[in-house]
Amino acid sequence: IRVLFSFLEYVDGRYPQPSITQGRTDIVSVTPWLAPVVWEGTFHPVLLDSIYQKRNITVAATVFAVGKYIRFLKDFLETAEQHFFVGFRVKVYVFTDRPNEVPKVKMAAGRELVVHSVPNSKRWQEISARRMEIIQTLIEETLNKDVDYIFCLDVDSKFHSRWGTESLGELVAVIHPGYYKDDRSKFPYERRPTSRAYVAPGEGDFYYCGGAFGGVLAEVHQLAQTCRKNFEDDAKEGIEAAWQEESHLNRYMLLNKPSKVLSPEYLWQDFKARNAEVLVIRFSGVIKNYNEIRPN
Ligand code: UD2
(Lines give C-alpha, C1' and ligand atoms only; values in the text may rest on other atoms or scores of the structure.)
Protein backbone atom coordinates (compact mmCIF):
# COMPACT_ATOMS: atom_id res chain seq x y z
CA ILE A 1 0.00 0.00 0.00
CA ARG A 2 2.87 2.32 0.86
CA VAL A 3 4.44 1.68 -2.55
CA LEU A 4 1.15 2.30 -4.32
CA PHE A 5 0.66 5.51 -2.39
CA SER A 6 4.15 6.72 -3.32
CA PHE A 7 3.48 5.84 -6.92
CA LEU A 8 0.18 7.70 -7.03
CA GLU A 9 1.81 10.74 -5.49
CA TYR A 10 4.35 10.66 -8.27
CA VAL A 11 2.02 10.34 -11.26
CA ASP A 12 2.95 12.77 -14.05
CA GLY A 13 6.33 13.41 -12.49
CA ARG A 14 4.74 15.19 -9.54
CA TYR A 15 5.60 14.46 -5.95
CA PRO A 16 5.01 16.29 -2.67
CA GLN A 17 6.79 19.61 -2.44
CA PRO A 18 10.05 19.19 -0.49
CA SER A 19 10.36 21.20 2.70
CA ILE A 20 13.39 22.19 4.71
CA THR A 21 11.42 23.12 7.81
CA GLN A 22 8.82 20.33 8.04
CA GLY A 23 9.66 16.69 8.53
CA ARG A 24 10.27 14.02 11.12
CA THR A 25 11.31 15.41 14.47
CA ASP A 26 11.72 12.13 16.37
CA ILE A 27 14.96 11.12 14.65
CA VAL A 28 18.22 12.66 13.43
CA SER A 29 18.60 12.37 9.67
CA VAL A 30 22.11 13.71 9.18
CA THR A 31 25.42 12.94 10.91
CA PRO A 32 27.81 15.67 12.15
CA TRP A 33 29.89 14.99 9.02
CA LEU A 34 26.79 15.61 6.89
CA ALA A 35 26.06 12.07 5.77
CA PRO A 36 22.34 11.33 5.45
CA VAL A 37 20.89 8.90 7.98
CA VAL A 38 18.16 7.04 6.13
CA TRP A 39 14.88 6.65 7.97
CA GLU A 40 11.38 6.07 6.65
CA GLY A 41 9.83 9.44 5.80
CA THR A 42 13.11 11.14 4.88
CA PHE A 43 13.05 10.16 1.19
CA HIS A 44 10.63 9.64 -1.67
CA PRO A 45 11.16 6.14 -3.11
CA VAL A 46 9.67 6.68 -6.54
CA LEU A 47 11.52 9.94 -7.06
CA LEU A 48 14.80 8.30 -6.01
CA ASP A 49 14.24 5.27 -8.24
CA SER A 50 13.65 7.52 -11.23
CA ILE A 51 17.07 9.11 -10.69
CA TYR A 52 18.88 5.76 -10.57
CA GLN A 53 16.85 4.19 -13.38
CA LYS A 54 18.39 6.71 -15.77
CA ARG A 55 21.84 5.56 -14.66
CA ASN A 56 21.07 1.92 -15.44
CA ILE A 57 22.86 0.64 -12.35
CA THR A 58 23.65 -2.91 -11.27
CA VAL A 59 23.68 -3.80 -7.58
CA ALA A 60 25.47 -6.85 -6.18
CA ALA A 61 24.82 -8.55 -2.87
CA THR A 62 27.10 -11.07 -1.21
CA VAL A 63 25.81 -13.63 1.23
CA PHE A 64 27.60 -16.50 2.95
CA ALA A 65 25.82 -19.75 3.76
CA VAL A 66 28.48 -22.04 5.17
CA GLY A 67 27.64 -25.27 7.02
CA LYS A 68 24.23 -25.32 8.64
CA TYR A 69 23.64 -21.66 7.73
CA ILE A 70 22.49 -22.93 4.33
CA ARG A 71 19.07 -23.35 5.94
CA PHE A 72 18.61 -19.57 6.03
CA LEU A 73 19.31 -19.04 2.35
CA LYS A 74 15.86 -19.81 0.94
CA ASP A 75 14.05 -17.17 2.98
CA PHE A 76 16.85 -14.70 2.39
CA LEU A 77 16.68 -15.14 -1.40
CA GLU A 78 12.90 -15.26 -1.62
CA THR A 79 12.41 -12.12 0.43
CA ALA A 80 15.21 -10.35 -1.49
CA GLU A 81 13.17 -10.96 -4.63
CA GLN A 82 10.26 -9.15 -3.03
CA HIS A 83 12.08 -6.20 -1.47
CA PHE A 84 15.73 -5.74 -2.45
CA PHE A 85 16.19 -3.31 -5.37
CA VAL A 86 13.03 -4.45 -7.12
CA GLY A 87 13.06 -3.25 -10.73
CA PHE A 88 16.87 -2.96 -10.88
CA ARG A 89 19.60 -5.24 -12.16
CA VAL A 90 20.74 -7.34 -9.20
CA LYS A 91 23.40 -10.04 -8.86
CA VAL A 92 23.34 -12.12 -5.69
CA TYR A 93 26.64 -13.89 -4.97
CA VAL A 94 26.20 -16.88 -2.68
CA PHE A 95 29.28 -18.37 -1.02
CA THR A 96 28.76 -21.85 0.36
CA ASP A 97 30.43 -25.19 1.02
CA ARG A 98 27.16 -26.90 0.00
CA PRO A 99 26.48 -25.72 -3.56
CA ASN A 100 24.12 -28.65 -4.18
CA GLU A 101 21.86 -27.46 -1.40
CA VAL A 102 21.37 -23.94 -2.76
CA PRO A 103 17.58 -23.61 -3.13
CA LYS A 104 16.09 -22.94 -6.53
CA VAL A 105 14.46 -19.57 -6.18
CA LYS A 106 12.69 -18.02 -9.13
CA MET A 107 14.28 -14.69 -9.93
CA ALA A 108 12.77 -11.85 -11.94
CA ALA A 109 14.25 -10.73 -15.25
CA GLY A 110 17.48 -8.84 -14.74
CA ARG A 111 18.22 -10.64 -11.48
CA GLU A 112 20.83 -13.35 -11.25
CA LEU A 113 22.20 -15.80 -8.68
CA VAL A 114 25.88 -16.72 -8.80
CA VAL A 115 27.10 -19.56 -6.56
CA HIS A 116 30.74 -19.84 -5.44
CA SER A 117 32.18 -22.71 -3.42
CA VAL A 118 34.14 -21.90 -0.29
CA PRO A 119 35.66 -24.24 2.30
CA ASN A 120 34.05 -24.76 5.69
CA SER A 121 35.97 -23.99 8.84
CA LYS A 122 36.13 -25.46 12.30
CA ARG A 123 35.49 -22.12 13.96
CA TRP A 124 32.46 -19.91 13.27
CA GLN A 125 34.61 -16.88 14.01
CA GLU A 126 36.80 -17.82 11.03
CA ILE A 127 33.80 -18.22 8.73
CA SER A 128 32.43 -14.85 9.68
CA ALA A 129 35.79 -13.06 9.54
CA ARG A 130 37.06 -14.66 6.32
CA ARG A 131 34.19 -13.01 4.49
CA MET A 132 36.31 -9.87 4.16
CA GLU A 133 39.02 -11.76 2.27
CA ILE A 134 36.50 -13.36 -0.05
CA ILE A 135 34.70 -10.07 -0.71
CA GLN A 136 38.04 -8.42 -1.49
CA THR A 137 38.91 -11.18 -3.98
CA LEU A 138 35.45 -11.15 -5.54
CA ILE A 139 35.69 -7.43 -6.24
CA GLU A 140 39.19 -7.83 -7.70
CA GLU A 141 38.34 -10.79 -9.89
CA THR A 142 34.85 -10.42 -11.17
CA LEU A 143 32.89 -7.42 -10.24
CA ASN A 144 34.80 -4.56 -11.71
CA LYS A 145 33.28 -4.95 -15.12
CA ASP A 146 29.58 -4.68 -14.61
CA VAL A 147 28.61 -3.85 -11.05
CA ASP A 148 28.21 -0.37 -9.58
CA TYR A 149 27.27 -0.98 -5.95
CA ILE A 150 27.70 -3.90 -3.58
CA PHE A 151 26.06 -4.82 -0.28
CA CYS A 152 27.45 -7.54 2.00
CA LEU A 153 24.72 -9.14 4.08
CA ASP A 154 24.26 -11.79 6.76
CA VAL A 155 22.31 -14.82 5.57
CA ASP A 156 20.39 -15.43 8.78
CA SER A 157 18.11 -12.56 7.90
CA LYS A 158 15.01 -11.70 5.93
CA PHE A 159 13.72 -8.68 4.06
CA HIS A 160 10.30 -7.42 5.12
CA SER A 161 10.02 -4.13 3.29
CA ARG A 162 11.74 -2.02 0.66
CA TRP A 163 15.55 -1.84 0.62
CA GLY A 164 16.31 0.21 -2.47
CA THR A 165 18.04 3.18 -4.05
CA GLU A 166 17.77 5.30 -0.90
CA SER A 167 20.55 3.10 0.52
CA LEU A 168 23.07 3.84 -2.22
CA GLY A 169 26.23 5.75 -1.44
CA GLU A 170 30.01 5.66 -1.68
CA LEU A 171 30.51 3.94 1.68
CA VAL A 172 27.40 2.75 3.50
CA ALA A 173 27.15 1.54 7.09
CA VAL A 174 24.14 0.34 9.08
CA ILE A 175 23.56 1.34 12.68
CA HIS A 176 23.36 -1.70 14.94
CA PRO A 177 19.86 -2.00 16.48
CA GLY A 178 21.21 -2.99 19.87
CA TYR A 179 23.18 0.10 20.84
CA TYR A 180 21.84 3.17 19.07
CA LYS A 181 20.48 4.82 22.20
CA ASP A 182 23.53 4.01 24.31
CA ASP A 183 26.44 6.13 25.36
CA ARG A 184 29.51 5.22 23.33
CA SER A 185 31.27 3.91 26.43
CA LYS A 186 28.80 0.98 26.21
CA PHE A 187 29.56 0.11 22.57
CA PRO A 188 31.17 -3.35 22.28
CA TYR A 189 34.21 -2.04 20.42
CA GLU A 190 37.52 -3.87 20.74
CA ARG A 191 39.06 -2.30 23.85
CA ARG A 192 42.55 -3.85 23.91
CA PRO A 193 45.07 -1.36 22.49
CA THR A 194 47.12 -4.27 21.14
CA SER A 195 44.41 -5.04 18.58
CA ARG A 196 44.23 -3.19 15.27
CA ALA A 197 40.47 -2.89 15.87
CA TYR A 198 41.03 -0.87 19.05
CA VAL A 199 38.76 2.08 19.75
CA ALA A 200 39.81 4.26 22.68
CA PRO A 201 37.41 5.36 25.43
CA GLY A 202 35.71 8.60 24.43
CA GLU A 203 36.03 7.80 20.72
CA GLY A 204 33.47 6.42 18.27
CA ASP A 205 30.42 7.76 16.46
CA PHE A 206 27.94 4.91 16.21
CA TYR A 207 28.15 1.16 16.63
CA TYR A 208 27.72 -0.33 13.17
CA CYS A 209 26.61 -3.85 12.17
CA GLY A 210 28.94 -6.42 10.68
CA GLY A 211 25.84 -7.96 9.13
CA ALA A 212 25.25 -5.29 6.49
CA PHE A 213 27.50 -2.76 4.80
CA GLY A 214 28.14 -1.63 1.26
CA GLY A 215 28.89 1.11 -1.20
CA VAL A 216 30.68 1.52 -4.51
CA LEU A 217 33.17 -1.17 -5.44
CA ALA A 218 36.32 0.84 -4.81
CA GLU A 219 35.23 1.82 -1.31
CA VAL A 220 34.07 -1.65 -0.29
CA HIS A 221 37.28 -3.09 -1.71
CA GLN A 222 39.32 -0.74 0.44
CA LEU A 223 37.26 -1.60 3.51
CA ALA A 224 37.49 -5.37 2.94
CA GLN A 225 41.21 -5.26 2.23
CA THR A 226 41.95 -3.19 5.33
CA CYS A 227 39.75 -5.24 7.68
CA ARG A 228 41.19 -8.46 6.31
CA LYS A 229 44.78 -7.29 6.76
CA ASN A 230 44.17 -5.99 10.27
CA PHE A 231 42.34 -9.20 11.24
CA GLU A 232 45.22 -11.32 9.89
CA ASP A 233 47.94 -9.18 11.46
CA ASP A 234 46.12 -9.41 14.79
CA ALA A 235 45.86 -13.20 14.36
CA LYS A 236 49.64 -13.46 13.85
CA GLU A 237 49.99 -11.91 17.29
CA GLY A 238 47.37 -14.21 18.78
CA ILE A 239 44.63 -11.60 19.05
CA GLU A 240 41.06 -11.93 17.84
CA ALA A 241 38.93 -8.81 18.17
CA ALA A 242 35.86 -8.96 20.40
CA TRP A 243 33.44 -9.20 17.47
CA GLN A 244 35.82 -10.37 14.75
CA GLU A 245 35.37 -8.47 11.49
CA GLU A 246 32.56 -6.36 12.98
CA SER A 247 35.14 -4.84 15.36
CA HIS A 248 37.50 -4.13 12.48
CA LEU A 249 34.66 -2.63 10.46
CA ASN A 250 33.81 -0.31 13.33
CA ARG A 251 37.42 0.83 13.61
CA TYR A 252 37.49 1.39 9.83
CA MET A 253 34.28 3.42 9.82
CA LEU A 254 35.60 5.57 12.64
CA LEU A 255 38.62 6.53 10.54
CA ASN A 256 36.77 6.55 7.18
CA LYS A 257 33.37 8.05 7.84
CA PRO A 258 30.53 6.46 5.88
CA SER A 259 28.99 8.77 3.31
CA LYS A 260 25.56 7.31 4.03
CA VAL A 261 24.29 5.77 7.24
CA LEU A 262 21.29 3.46 7.29
CA SER A 263 19.07 3.54 10.37
CA PRO A 264 18.31 0.34 12.32
CA GLU A 265 15.32 -0.14 9.98
CA TYR A 266 17.93 -1.78 7.74
CA LEU A 267 19.00 -4.43 10.23
CA TRP A 268 16.64 -5.08 13.08
CA GLN A 269 16.67 -8.24 15.19
CA ASP A 270 13.57 -10.40 15.41
CA PHE A 271 13.97 -10.96 19.15
CA LYS A 272 13.68 -7.20 19.82
CA ALA A 273 10.34 -5.43 20.00
CA ARG A 274 10.13 -2.62 17.44
CA ASN A 275 10.94 0.80 18.89
CA ALA A 276 8.55 3.68 18.17
CA GLU A 277 10.93 5.60 15.86
CA VAL A 278 11.37 2.51 13.68
CA LEU A 279 8.32 2.96 11.45
CA VAL A 280 9.35 0.16 9.07
CA ILE A 281 11.52 -2.90 9.57
CA ARG A 282 13.15 -3.52 6.20
CA PHE A 283 15.60 -6.31 7.02
CA SER A 284 16.07 -8.24 10.24
CA GLY A 285 18.10 -11.03 11.74
CA VAL A 286 16.05 -14.14 12.49
CA ILE A 287 16.14 -15.82 15.87
CA LYS A 288 18.65 -18.67 15.83
CA ASN A 289 19.99 -21.24 18.23
CA TYR A 290 23.73 -20.54 18.17
CA ASN A 291 24.65 -23.83 19.84
CA GLU A 292 22.75 -25.80 17.27
CA ILE A 293 23.92 -24.13 14.06
CA ARG A 294 27.53 -23.16 14.69
CA PRO A 295 30.33 -25.63 14.09
CA ASN A 296 31.45 -25.26 17.73
C1 UD2 B 1 27.20 -10.55 14.39
C2 UD2 B 1 27.09 -9.82 13.06
C3 UD2 B 1 27.87 -10.59 12.00
C4 UD2 B 1 29.31 -10.72 12.41
C5 UD2 B 1 29.38 -11.38 13.79
C6 UD2 B 1 30.78 -11.34 14.38
C7 UD2 B 1 25.00 -8.58 12.62
C8 UD2 B 1 23.54 -8.72 12.47
N9 UD2 B 1 25.66 -9.75 12.71
O10 UD2 B 1 26.35 -11.68 14.25
O11 UD2 B 1 27.79 -9.96 10.75
O12 UD2 B 1 29.93 -9.46 12.40
O13 UD2 B 1 28.56 -10.72 14.75
O14 UD2 B 1 31.60 -12.26 13.77
O15 UD2 B 1 25.54 -7.51 12.63
N16 UD2 B 1 28.27 -17.81 8.71
C17 UD2 B 1 28.07 -19.01 8.03
N18 UD2 B 1 28.29 -20.19 8.68
C19 UD2 B 1 28.68 -20.24 10.00
C20 UD2 B 1 28.88 -19.03 10.69
C21 UD2 B 1 28.65 -17.82 10.02
O22 UD2 B 1 27.70 -18.99 6.85
O23 UD2 B 1 28.85 -21.36 10.52
C24 UD2 B 1 28.05 -16.52 8.00
C25 UD2 B 1 26.57 -16.26 7.77
O26 UD2 B 1 26.42 -15.53 6.57
C27 UD2 B 1 26.20 -15.42 8.97
C28 UD2 B 1 27.48 -14.58 9.14
O29 UD2 B 1 28.55 -15.45 8.79
O30 UD2 B 1 25.05 -14.63 8.70
C31 UD2 B 1 27.70 -14.01 10.54
O32 UD2 B 1 27.71 -15.03 11.50
P33 UD2 B 1 26.63 -15.05 12.68
O34 UD2 B 1 25.30 -14.70 12.11
O35 UD2 B 1 26.73 -16.33 13.40
O36 UD2 B 1 27.15 -13.88 13.59
P37 UD2 B 1 26.39 -13.12 14.79
O38 UD2 B 1 24.97 -13.58 14.87
O39 UD2 B 1 27.21 -13.21 16.02
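Residues numbered from 1 in each chain as written. Predicted model: local features only at pLDDT ≥ 70, side-chain atom pairs only at ≥ 80, totals over all residues. Heavy atoms only, no water.

K.L.:
I'd like a rundown of the packing of aromatic side chains, residues and numbers included.
P.N.:
Inspection of the entire model under this criterion finds 22 aromatic pairs. On the numbers, 6.3 Å between centres and 75 degrees between planes, the contact of F76 with F283 is edge-to-face. In this pair, F76 is assigned in helix 3 (residues 73-83) and F283 in strand 11 (residues 283-285), connecting sequence segments 207 residues apart. For the residue pair F76 and F283, the accessibility class agrees, reading buried in each case. Judged by centre distance (5.1 Å) and plane angle (85 degrees), the rings of W163 and Y266 are edge-to-face. Placement of the pair is W163 in the loop between strand 6 (157-159) and strand 7 (171-175) and Y266 in the loop between strand 9 (260-262) and strand 10 (268-269), with a sequence separation of 103 residues. Judged by its relative accessible area of 0%, W163 falls in the buried class. What makes Y266 buried here is its relative accessible area of 0%. (Phe/Tyr/Trp six-rings, centres within 6.5 Å; stacked < 30°, edge-to-face > 60°. Helix = DSSP H or I, 4+ residues; strand = E, 2+ residues; numbered from the N terminus. Buried < 20%, exposed > 50% of the residue type's maximum accessible area, 1.4 Å probe, protein only.)

K.L.:
Could you give an account of the packing of helix 5 (residues 131-141) against helix 6 (residues 217-236), naming the residues involved and the relevant values?
P.N.:
Here helix 5 crosses helix 6 at 140 degrees, and the two axes come no closer than 8 Å. For helix 5 against helix 6, the interelement crossing comes out left-handed. When helix 5 is examined against helix 6, the residues M132, E133, I135, Q136, I139 and E140 are found in contact with a partner set consisting of L217, V220, H221, L223, A224, Q225, C227, R228 and E232. Class assignment for the residues of the contact of helix 5 with helix 6 results in eight nonpolar, three polar and four charged. (Axes fitted to C-alpha atoms, helices over the stretch in contact; angles between N-to-C directions. Left-handed = near helix turned anticlockwise from the far one by under 90°. Contact = heavy atoms within 4.5 Å. Nonpolar A, V, L, I, M, F, W, Y, C, P; charged D, E, K, R; others polar.)

Function cannot be read off these values alone, since they describe shape.
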